[in-house]
Amino acid sequence: MNASDRTPADLLRSALAADPARPLVTFYDDATGERVELSVATFANWVAKTANLLQGDLAAEPGDRLALLLPAHWQSAAWLLACSSVGVVADVGGDPAAADLVVTGPDTLDRARACRGERVALALRPLGGRFPQPPAGFSDYAVEVPSQGDRFAPFAPVDADAPALAVGGVELTGTQLVDRARADAGALGLVPGSRLLTGRTYDTWDGLSAGLFAPLAAGGSVVLCRHLGRLDADGLAQRIESERVTGTAD
């Protein structure tokens, strides 16, 4: 990746310029059997649409705080990069009552109602499906995002030295996040083309780094596995082989 990249959104732009067709996020849910593979180009398109929703329909501005109540999931990864694109602080697992807006999965709807700002809910169904019945007081992400633009331009430049991510009591600027992701990539042995399999959750920096930021910083890709503990040893070995995994972080 480019040495001048200072935010996660910069990392994604560099990945898109280098090789848009290569895989970036391969997601498994071993509770449902779901598998989704997103190339750099496809993932970047989801990020652009989500960022347009965030900046346009939700009127989010740089410095706003978004409580992100989502598990390790490919759509969570898209929201993290969308926040970086707009300049919004992604507060992973944060307090909705203290946030300007909230994005939640189906299991945390009651908690998310404490937010007085905009509320967005994700059904987290296979293929990005919508809720059968939209939850009261929430916009359904799967309904709102398809019509958004495929390209994104921020209304205001994003300050790489402003807060970008909060998780587990740690708050990082865009620059700090990229530096830590690069350091983690080195510690994990990631190089361009690496395929890292991880079953870590998204509620810690280590989980976010292995599950998105470190592979992105290295020019590699991630095989992101939710409910990985449901897979037996033979199933895991088969996945490692079929996905051409070069390293693991469980």
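The notes below deal with the structure included here. (Residues numbered from 1 in each chain as written. Predicted model: local features only at pLDDT ≥ 70, side-chain atom pairs only at ≥ 80, totals over all residues. Heavy atoms only, no water.)

**Quick word on the packing of aromatic side chains**
Here is the rule we go by: Pairing of aromatic rings covers Phe, Tyr and Trp, the last through its six-membered ring, and needs centres within 6.5 Å; plane angles under 30 degrees mean stacked, over 60 mean edge-to-face, and all others mean tilted. By the criteria applied, helices consist of DSSP H or I runs no shorter than four residues and strands consist of E runs no shorter than two, each listed in order from the N terminus. Under the scheme applied here, a residue whose accessible area is under 20% of the maximum for its type counts as buried, over 50% as exposed, and between as partly exposed, the area being computed with a 1.4 Å probe on protein chains only.
One pass over the full model with this rule turns up four aromatic pairs. When the ring of Trp46 is compared with that of Trp74, the centres are 4.8 Å apart and the planes differ by 80 degrees; the resulting orientation is edge-to-face. With a gap of 28 residues between them, Trp46 in helix H2 (residues 40–57) and Trp74 in helix H3 (residues 74–86) connect regions that are remote in the sequence. Classification of Trp74 as buried rests on a relative accessible area of 2%. A ring pair is formed by Trp79 and Tyr141, whose centres lie 5.5 Å apart and whose planes are at 45 degrees; its orientation type is tilted. Note that Trp79 is positioned in helix H3 and Tyr141 in helix H5 (residues 141–144), a separation of 62 residues in sequence. Of the two residues, Trp79 and Tyr141, both sit in the buried class. Taken together, the ring pairs connect Trp46, Trp74, Trp79 and Tyr141 into an aromatic cluster.

**Observations regarding the sheet that holds strand S10 (residues 195–198)**
Test applied: Only strands joined by at least two bridges in the DSSP assignment are considered to pair. Axes here refer to lines fitted to C-alpha atoms; in helices the fit is confined to the stretch in contact. Angles between the N-to-C directions go from 0 to 180 degrees.
Taken in spatial order, the five strands of this open sheet run S2-S1-S11-S10-S12, and their pairing is mixed. The open sheet has two edge strands with one neighbour each: strand S2 (34–39) and strand S12 (247–249). On average, each strand axis in the sheet is inclined to that of its neighbour by 15 degrees, with strand direction left out of account. Bridge count between S10 and strand S11 (residues 221–226): four bridges; the pairing is parallel.

**Considerations on the layout of surface pockets**
Put simply, the rule reads: Cavities and pockets were defined on a 1 Å grid built over protein atoms only: a cavity is a set of grid points that admits a 1.4 Å probe from which the probe cannot escape, a pocket is an open set flanked by protein on both sides within 12 Å along at least five of seven lines, and lining residues are those with an atom within 4 Å of any such point. Grid points are joined across faces, edges and corners, and a volume is the space filled by probe spheres set on the points. Asp, Glu, Lys and Arg are counted as charged, while Ala, Val, Leu, Ile, Met, Phe, Trp, Tyr, Cys and Pro are counted as nonpolar; the rest, among them Gly, fall into the polar class.
Computed from the structure, the largest pocket encloses a volume of approximately 400 Å³. If you go around the largest pocket, you meet 19 residues; those closest to its centre are Ala9, Arg13, Ala48, Ser85 and Phe152. Of all the elements in the fold, those that place two or more residues in the lining of the largest pocket are helix H1 (8–18), H2 and H3. Among the residues making up the lining of the largest pocket, the classes are represented as eleven nonpolar, four polar and four charged. The volume enclosed by the second largest pocket comes to roughly 300 Å³. Lining of the second largest pocket is provided by 22 residues; of these, Leu69, Leu70, Pro71, Ala72 and Arg226 occupy positions nearest its centre. The set of elements that each furnish at least two residues to the lining of the second largest pocket consists of strand S3 (65–69) and S11. Split into classes, the residues belonging to the lining of the second largest pocket amount to eleven nonpolar, six polar and five charged.

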